[in-house]
Amino acid sequence: MGFSLGLAGAIGFTYLLAIRRRFAALTDAALGALVLAVAQVIVTARLLSLLGLLRLLPLLLLNLALLSGVLWAGRRGLAAAWRSTWRRVGGFLRLLGRSPLCLGLALALIALLAWVLWQTAVLPEASYDGLAYHLPMAFSRLQFADARAIPGWPLWLSSYPEHSELLMAWIVLLDGSAALVDAVQWAFWPAAFLACYGLARKLGVPAMPSFAGGALLAFAPAVALQAGVAYNDLIIAYRNNAPLRLSDVATAVQGAEDVRQAAWSGDQPAILLNVQ
């Protein structure tokens, strides 16, 4: 588990080195590399589905071939790109160290990003959209391994561009599990920070205020991630003039409602089918 994200990260870093010299700002190059990496993931999965070859080995070989091609095409400038990137990052880290506020925001943001990524591996897919049609379409695409039309729900979703579904298919194929399917949106979170920081710098805002603004924007998703906390703090009764909260008697977690539900026929596992 995690090989899919590791390979996607390697693809993104390779594109960063390959296009670094074309951008004056490192943030612009990083955003461009992210777009190219996501595009490669989607395009390779779609191409293989058109050929009826959406399987692990073809997907892995095609992406490694493209990765090798990018490295070969930019081989003359990779060393210079690496040195330039490292100098920019090192200079920014030294500047960050001079601002306790921004350093604290940076450490908190890294911790939050890591915590959210860890949560994707621990908690089951819980969103209605994911369970209703994203995951079913992704697994249907993997089942057939081709580009046949897959009806969604509602039915008009059969023509929906399968971007997120193909990203999920990438994760499931490479990891052999759906544990990290929620991570399809994770990369776009730091991308929002980079976009905010880069735009502020282009408007002439100093580096540290730009960083603080981007970090505060990146913290916004934490509001939605605290949904379980609201339920844990719910007051369900009063005892001795003191509130009795749900957290005092139980724990609410994010997850599918029937994650522990099972069906049995005698002593054999079965499938529970509800027809309405």
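As a starting point, this report considers the structure included with it. All values reported here derive from a predicted model rather than from experimental measurement.

## Considering the overall build of the chain
Right, on to step 1. When you go through the chain residue by residue, the secondary structure sums to 12 helices and 4 strands.
Right, on to step 2. With 276 residues in all, the chain has 36% of them scored as buried.
Right, on to step 3. By element, 66% of the accessible surface of the chain is carried by carbon and sulfur atoms, the whole surface being about 16600 Å².

## Some words on the pattern of salt bridges
Right, on to step 1. One pass over the full model with this rule turns up 2 salt bridges.
Right, on to step 2. Notably, a salt bridge pairs Arg148 with Asp146, separated by 2.9 Å at the nearest N-O pair.
Right, on to step 3. For Asp146, a relative accessible area of 16% gives the class buried.

## Some details on unusual backbone geometry
Where the residue is not glycine, phi is negative for most of them; where a peptide bond is considered, it is trans in most cases.
Right, on to step 1. For Ala145, which is not glycine, the phi dihedral falls at a positive 60°.
Right, on to step 2. Tracing the sequence through the fold places Ala145 in the loop between α6 (128–144) and α7 (163–175).
Right, on to step 3. Looking at Ala145, the relative accessible area reads 3%, which means it is buried.

## Focus on the nonpolar core
Right, on to step 1. In terms of nonpolar packing, the biggest core is built from 37 residues, with Ile11, Leu54, Leu59, Leu142, Leu167, Met168 and Trp170 touching the most fellow members.
Right, on to step 2. Where this core is concerned, the elements lending two or more residues are α1 (3–19), α2 (26–50), α3 (56–73), α6 and α7.
Right, on to step 3. The biggest single contributor to this core is α2, with 10 residues.
Right, on to step 4. What Leu167 contacts, discounting residues up to four positions off in sequence, is Val38, Val41, Ile42 and Val184.
Right, on to step 5. Membership of the second largest hydrophobic core comes to 17 residues, among which are Leu96, Leu112, Leu113 and Val116.

## Notes on the packing of α2 against helix α8 (residues 188–202)
Right, on to step 1. α8 packs onto α2 with a crossing angle of 150° between their chain directions and a minimal axis gap of 9 Å. Regarding α2 and α8, the two cross each other, and that crossing is left-handed. Here Thr27, Asp28, Ala30, Leu31, Leu34 and Val38 of α2 lie close against α8, whose contacting residues are Phe188, Ala191, Leu194, Ala195, Tyr197, Gly198 and Lys202.
Right, on to step 2. Of the residues assigned to the contact of α2 with α8, the class counts are 9 nonpolar, 2 polar and 2 charged.

About the cut-offs
Residues numbered from 1 in each chain as written. Predicted model: local features only at pLDDT ≥ 70, side-chain atom pairs only at ≥ 80, totals over all residues. Heavy atoms only, no water. Helix = DSSP H or I, 4+ residues; strand = E, 2+ residues; numbered from the N terminus. Buried < 20%, exposed > 50% of the residue type's maximum accessible area, 1.4 Å probe, protein only. Areas by Shrake-Rupley, 256 points an atom, 1.4 Å probe, with all protein chains shown as cover. Salt bridge = Lys/Arg side-chain N within 4 Å of Asp/Glu carboxyl O. Core = buried A, V, L, I, M, F, W, Y, C linked by side-chain atoms within 4.5 Å. Contact = heavy atoms within 4.5 Å. Axes fitted to C-alpha atoms, helices over the stretch in contact; angles between N-to-C directions. Left-handed = near helix turned anticlockwise from the far one by under 90°. Nonpolar A, V, L, I, M, F, W, Y, C, P; charged D, E, K, R; others polar.

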